[in-house]
Amino acid sequence: MSEPLELQCAGRRVALATPCVMGVLNVTPDSFSDGGRYLAQQAAIEHGLRMVTEGATFIDVGGESTRPGAEPVSVAEELARVVPVVRALAASSAVISVDTSKPEVMRAAAEAGAGLINDVRALSAAGALEAARDSGCAVCLMHMQGEPRTMQREPHYADVTAEVGAFLGARLAACESAGIARRRLAIDPGFGFGKNAAHNLTLLRQLRDLTRLGVPVLAGLSRKSWLGKLTGRDTGERLAGSLALAVIAALHGARIIRAHDVAATVDVLRVVAAVEGGG
Ligand code: 9MG
């Protein structure tokens, strides 16, 4: 089965004939400086608008960190962080994605104008399938082994690509049974989410296998800690490595690349599209 070249995001159809960029926008306490929540949100909105001008097709707004070791936040706190930013960016030309696993946040973000739900728990929380279905948003279903607090302790697979593929296939089926049409669905192997460097490299080499599930594949590779291990670089110095991974993922079939450095990632994907398209 070949994957479709578009994604239905609430009222909008997003073309994915060539790979595009999802810009990362974190609205978490490390982004709340001395100015407090309001100023942090204003800065986040400006940053989001900058990523739109740099060519992001999606902006992924997240209010709860999913880094290894991260602690959960309450529904009320996540709503307060995320909803004003989604509402402010919804009028932009990008599709606003909300990075959440909480049904209440999915519903409020959709109400505020989000077009995509990016769930690292693949709609496994009670009520999440129904909230996503009712929202009309597209959904990205991600694979994770374990939970962010502990997922990197001892990840284990017999065959990482087969296990990730089986999980994502089952979640696609659950979404369809719940009434979420396939044209609204994308999948993500979840690089770094309960995976060591060898698992991530295998998944990247075999990414094409996941496209056979028949929906667009999203890859989040930007600045991840396993890239730090490969290159010996700190977070702020991982641009070259992140771009290399973005190019490889696109060549292996990824249609959406989740990235911090939007302008540079848009450029490399334009080059990939020109080479692959023969243009
Ligand atoms: C929220 N988030 C952090 N990393 C991610 C990744 O690799 N994929 C997706 N879909 N979301 C992510």
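Residues numbered from 1 in each chain as written. Predicted model: local features only at pLDDT ≥ 70, side-chain atom pairs only at ≥ 80, totals over all residues. Heavy atoms only, no water.

(A) Seen up close, the side chain of T28. Take T28: it is sitting in the loop between β3 (20-26) and α1 (36-53). With sequence-adjacent residues up to four places away left out, T28 is seen in contact with G62, G63, E64, S65 and R81. (Helix = DSSP H or I, 4+ residues; strand = E, 2+ residues; numbered from the N terminus. Contact = heavy atoms within 4.5 Å.)

(B) Broad picture of empty space enclosed by the protein. Here the structure, examined in full by the defined rule, presents two cavities of 30 Å³ or more. Computed from the structure, the largest cavity encloses a volume of approximately 70 Å³. Around the largest cavity, the lining residues are L221, S222, L239, S242, L243, L245, A246, I257, R258, A259, D261 and T265. Counting residues per element, the ones that place at least two in the lining of the largest cavity are α9 (239-251) and β10 (256-259). Looking at the lining of the largest cavity, the element that brings in the most residues is α9, giving five residues. Looking at the second largest cavity, its volume works out to about 30 Å³. (1 Å grid on protein atoms, 1.4 Å probe; cavity = no way out; pocket = protein on both sides within 12 Å on 5 of 7 lines; lining within 4 Å. Points joined across faces, edges and corners; volume = space filled by probe spheres on them.)

(C) Quick peek at the sheet that holds β10. Spatial strand order, β8-β7-β6-β5-β4-β3-β10-β9: eight strands in an open sheet with parallel pairing. On the outer flanks of this sheet lie β8 (185-188) and β9 (218-220), each paired with one strand and no other. Neighbour-to-neighbour, the strand axes of the sheet open up by a mean angle of 25 degrees, direction not taken into account. In this sheet, β10 lies alongside β9 in parallel orientation, the contact comprising three bridges. (Pairing = 2+ DSSP bridges. Axes fitted to C-alpha atoms, helices over the stretch in contact; angles between N-to-C directions.)

(D) Structural detail: the layout of surface pockets. A volume near 760 Å³ is recorded for the largest pocket. In terms of lining, the largest pocket is formed by 37 residues, of which the most central are T66, R67, P68, S222 and K224. Secondary structure elements with two or more residues in the lining of the largest pocket: β3, α6 (197-205), β9 and α8 (225-231). The leading source of residues in the lining of the largest pocket is α8, at three residues. Among the residues forming the lining of the largest pocket, the class breakdown is 11 nonpolar, 15 polar and 11 charged. (Nonpolar A, V, L, I, M, F, W, Y, C, P; charged D, E, K, R; others polar.)

(E) Looking closely at the site of the ligand. All residues adjacent to the ligand are T66, D99, N118, V120, M142, D188, F193, L218, G220, K224 and R258. D188 has a polar side-chain atom sitting 2.6 Å from a nitrogen atom of the ligand. Within the side chain of K224, a nitrogen or oxygen atom sits 2.5 Å from an oxygen atom of the ligand. Classifying every residue of the shell around the ligand by side-chain character gives four nonpolar, three polar and four charged. (Near = heavy atom within 4 Å. Polar contact = N/O pair within 3.5 Å; in protein donor to acceptor, adjacent residues only side chain to side chain.)

(F) The arrangement of the pairing of β3 in detail. With six of its seven residues buried, β3 lies for the most part within the structure. Across four bridges, β3 lies against β10 in parallel orientation. Residue pairing for β10: G23 is matched across the bridge by A259. (Buried < 20%, exposed > 50% of the residue type's maximum accessible area, 1.4 Å probe, protein only.)

(G) The nonpolar core, seen in detail. By size, the foremost hydrophobic cluster in this structure holds 67 residues, and its most contacted members are I59, V61, L123 and L141. It is helix α5 (residues 160-178) that contributes the most residues to this core, six residues altogether. Among the nonpolar cores identified, the runner-up in size contains 14 residues, and L7, C9, F58 and L218 belong to it. (Core = buried A, V, L, I, M, F, W, Y, C linked by side-chain atoms within 4.5 Å.)

(H) Geometry of the packing of helix α2 (residues 75-89) against helix α3 (residues 103-111). Where α2 meets α3, the closest approach of the two axes is 10 Å, and the angle between their N-to-C directions is 20 degrees. The orientation of α2 relative to α3 falls into the category roughly parallel. In the packing of α2 onto α3, the handedness of the crossing is right-handed. The segment α2 lies against α3, with V75, E78, L79, V82, V83 and V86 engaging E104, V105, A108 and A109. Across the contact of α2 with α3, the residue classes break down as eight nonpolar, no polar and two charged. (Parallel < 35°, antiparallel > 145°, perpendicular 65-115°, else oblique. Left-handed = near helix turned anticlockwise from the far one by under 90°.)

(I) Main features of the packing of aromatic side chains. Summed over the entire model, instances satisfying the criterion amount to one aromatic pair. Pairing F191 with W226 gives two aromatic rings, centres 6.4 Å apart and planes at 25 degrees, and the pair type is stacked. Note that F191 is positioned in the loop between β8 and α6 and W226 in helix α8, a separation of 35 residues in sequence. W226 shares its class with F191; the two are buried. (Phe/Tyr/Trp six-rings, centres within 6.5 Å; stacked < 30°, edge-to-face > 60°.)

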